[in-house]
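Structure at a glance
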Amino acid sequence: MACGNNCTCNQDNPGNKDNSRRDFLIKGLMGGIGAAFLSGCSSNDKSKPVSNEKVNVLTHDGKLVAVDKSQVANFKPHISEEDVRTGIPGKKFVMVIDLAKCDGCGKCTKACNKMHYLPSNKKWIDVVEMQDSPEVAPYYFPKPCFHCDNPPCTKVCPVDATFKREDGIVAIDNERCIGCRFCMAACPYSVRLFNWTEPVKPNIEETTPAPERVIQSKKGCVEKCDFCPHMAREGKLPACVTHCPMNAIWFGDANEDAVTCYDGTTTKLSQLLEDGAAYRFMEDLGTEPRVYYLPPVNRTYNAKEIKIKNAE
Amino acid sequence: MDKLHQEIKNSIQRELLSTVGRRYRRETFWVLFLAMICVGGTIAWIIQLRKGLGVTAMRDYASWGLYISLLFFFVGVSLIGALVSSVLRFSGAKWRYPLIRIAEAVTLSSIFFAGFMPVLDMGRPERLYFLITHGRIQSPILWDVVAIATYFIGSVIYFYLPLIPDMAIMRDKLTDAPPRRRKIFRFLAMGWEGNHRQKYFLKKAMNIMSVVILPVAVSVHTISAWLIALTLRPGWNTSIMGPYFVFGALMAGCAIMILIIAKLRHGYRLEHYLTPKHFSNLGMLLMALTVFYLYLNLNKYGVPAFKMAKDERGLLNDLFFGHNALLFWFTMIAGLVIPVIMLSIKKLRQSIRWVVFASLLVLLGALINRYLIVTPNMLHPFIPIQHAQPGFTIYNPTVIEWTITASSLAGFVLLIILLFKLFPVITMWEVIEGVEKNGEEQVGIEDLSNLQIIQGHAS
Amino acid sequence: MPVKLNILIVLLAFSIPVFSQNRGDTYSTDEDAGKKAAVLLLQMGANDTMHVATAILKDAATSGPIKNVDVTFYVQRSFGLMKVGNGTTDTTGTASVEFPINTRASDKSQLFTLLVKVEDNDNIRDVTAQAVVRSNIPFPTNEAVPRALIGSKAPWWMVISFWAAVGSVWAFFLYTLLLIYKIKKSANYSFTTNQKK
């Protein structure tokens, strides 16, 4: 039985980023539904301050029970090794980047670095200044991992450390990576980074299997943009999207045909791609990226100010 | 041709066996020198293991450097065994007899280090066994590992086969050797006494191996070429890579073969067995291979240079006029054109000194060429490099890298010397058999009627 | 679930009082003080090309219709609410919108949640109603990553050809080792006849 069927629970402020109802149910189903679970949350965590915020919860026999939100929030479902390798069920993540809106402020990079505890010299999403030829106007080009559907990097990995998931994400298992760096050579977009030395990172224990950890840096292993699956599991957007003040980055689920941006605007993916004449970067390589770009037409910033500084 | 007199046979055997286990002052110096470099390399490697690959100059853009260049070099050099013991065998060149074991020793040593280089380059070498436990056979790395392992084992077998009768000779002749050694000789000789059945089986085994080793050898290097040709990078994304690597490898192997036989001839006093004929023939072979490699280079660089596609432009400009122009034109002119001219002059080709000089140039060019294929290419990706940290846009190998690289090369030479401390340099029975069937002229060794004089210095 | 779903109507009015009550408990702010509570009902229907959503707004106290109030319709998506239309209630308190029938479901259950909201109204407290709607177009199934070059499992033809190639070479090696063994076995075979003097 799916959650929407006869479950009619609701919550206060069902705003765009608050998705805990659905989320809770998914977790509830995953963590073993029912009374055992519910008794678990009502008997434990007595010390937690009660928020008076009620959430309606569906029990295994179909009854609705209102419980305090504070008792639900900390429940973390167990994510198995297999879960992180197959991906989030039913999802097909996709990103759309509107080059007309990106003004190169670099807040996406900063937010990403903050979320993944990366030093400033590492960039999972890099804003590159592009100019296709001298006479045409330059533009900013945010470059995350493209999570290709025909990924050259997973093809060459000798130990299945980087792999394609069913939800479209190309993930890295840093408990597996042997550091041969073949994937870096194979990636035509120079997206992958290597931990040449012991990375600077906080001492945080993460119980999630490696591919969905917040901190991916590990000495002698490769890392890259992971589309924030740990956020997606909670129904939240990746850090770069939620920190792009220009609403230039859209993220969503292609199966639902919807993408969402910074201010919560959710729009139909197919419509956005069609209306914006979207394209994928270097389509001719045949890598089938999951990141679409909207061409930099009618830019909202002064393009002439972009200074291209390519390294020679 | 009459059968050789037993006396002559005996003296050939005595002479050729004299190098085994014998101490040469110069050689001892070399062994110590090379061993010292190896110790230095081991220390450097330990530092690298502890601190991570950050001690190298490799960074996110140039993520492969000297180690992978050297991998390609070693894999390439290893093809010489197949060239001598397979290709020359099929072409019926009798002068290969004295060269067989040297070629196989070079192959054995280089393929060993070829297997070692990727481990040096790995970020997490302690996870090497994942290749077996989690291996994906879609990955060219796995093909490479399997091919290198297969070629290594094949080379061991092929090194061993012609050794069986020689081991029997050692078992029978070196009666004053320490008992433990004699035990080893007896074991490795496999009860060889040269009867018809044994000869039949040995011939059969060698026939099989000479056929089987050829596709293995070619595949080893083709797969190495595919490591880069199977990517979408500009410069690498070309179908010429396989043949380009294979012929570059044969050329480098031939050059290193000439250098090593020159050293052995002089150091082990083998002038009667490794004669100017061998140098001239190998020089001819080297010339042919170099001409062909020049032709492949014209295709590899000339064709994209004519078109100057946007993605290739940066790399080509860098190689032709930029940062790497000096190295590039050195490999092209000093490493290919000049040796071809030198070797095409008959007079020079017949002079051992000139052939050696030409080989040295070719070898140096081949080494640099491997580097030029790998690293400068990585520094010219599709998406322009921007906001890179200092040091990320350029590759200047560090002392640690140079030390490890030097010690790998030193180890390669050291292993060859070690093999010739254990086994005779020249396959005695094959040379004798060759001379019996075809005469000294064909085999390329000096007239055996002078042997009395030879005995003089060999005793 | 009934099969004929395009005329499915889900009334969710009973959930609204729960909602309103919660809302009152949590956010009883000054802003809401002078506003009146309302009940929102959502009714779903469909024709061949469009879903039709009808919202009816009633006064919570009197149950009379409230007119001239803007209501917005959303479809619940993974990361936010996708607006599908808006309208203003008429004299019967009714507003309705049409949105494409090809709206995708949220998951395999083929269902999605439609919400209708009264937001930021000067006279009426914020109120929401939602309905679970069945989508007519099949939800795309995520194909498992196939046995392919990109996947974890190699394609069968590659497995076969790889091991055939490697295996045949190794078979020859083994045969060679067998020949070496035969050499050993052949010692003393014809000891005297082959001794060359």
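Being a predicted model, the structure only gives us computed values, none of them experimental.

**Quick notes on the overall build of chain A**
Tallying secondary structure elements over chain A gives ten helices and 13 strands in all. Relative to its full complement of 312 residues, chain A shows a buried share of 61%. Long-range contacts, defined here as pairs at least 24 residues apart, represent 60% of the contacts in chain A between residues at least 6 apart. Counting only carbon and sulfur atoms, one obtains 52% of the accessible surface of chain A, whose full area is about 12500 Å².

**A short note on the interface of chain B and chain A**
Each partner contributes residues to the interface: chain B has 43 residues there, and chain A has 51 residues. For the pair chain B and chain A, the summed buried surface comes to about 3900 Å²; carbon and sulfur atoms form 57% of the total. Seen at the junction of chain B and chain A, the total is two salt bridges. The partner of Arg-181 of chain A in a salt bridge is Asp-121 of chain B, with the nearest N and O atoms 2.8 Å apart. For the pair chain B and chain A, the interface holds 25 residue pairs in polar contact (both at pLDDT 80 or more). Going through the elements one at a time, α2 (25-51), α6 (130-133) and α7 (140-160) of chain B are the ones with two or more residues in the side of chain B that touches chain A. Each residue belonging to the side of chain B that touches chain A can be placed in one class, and the counts come to 20 nonpolar, 13 polar and ten charged.

**Side note on helix α11 (residues 241-267) of chain B**
Residue and element names in this part refer to chain B. Under the 1.5 Å per step criterion, the end-to-end length of α11 is 38 Å for 27 residues, consistent within 8% with the ideal 39 Å. Across the 27 residues that make up α11, a large majority, 22, are buried. The first or second residue beyond α11 is Arg-269, which carries a positive phi of 50°.

**Thoughts on the interface of chain C and chain B**
For interface size, the figure often reported is the accessible area lost on association. On the side of chain B, 30 residues touch chain C, which itself brings 34 residues to the contact. Between chain C and chain B the total buried area reaches about 2900 Å² when both faces are included, carbon and sulfur atoms providing 73% of it. Summed over the shared surface of chain C and chain B, the number is zero salt bridges. At the junction of chain C and chain B, the tally comes to ten residue pairs in polar contact (both at pLDDT 80 or more). Split by residue class, the side of chain C that touches chain B holds 22 nonpolar, eight polar and four charged.

Reading the values: the criteria
Residues numbered from 1 in each chain as written. Chains lettered and ligands numbered in written order. Predicted model: local features only at pLDDT ≥ 70, side-chain atom pairs only at ≥ 80, totals over all residues. Heavy atoms only, no water. Helix = DSSP H or I, 4+ residues; strand = E, 2+ residues; numbered from the N terminus. Buried < 20%, exposed > 50% of the residue type's maximum accessible area, 1.4 Å probe, protein only. Contact = heavy atoms within 4.5 Å. Areas by Shrake-Rupley, 256 points an atom, 1.4 Å probe, with all protein chains shown as cover. Buried area = accessible area lost by both parts, 1.4 Å probe. Salt bridge = Lys/Arg side-chain N within 4 Å of Asp/Glu carboxyl O. Polar contact = N/O pair within 3.5 Å; in protein donor to acceptor, adjacent residues only side chain to side chain. Nonpolar A, V, L, I, M, F, W, Y, C, P; charged D, E, K, R; others polar. Expected span 1.5 Å × (residues − 1).

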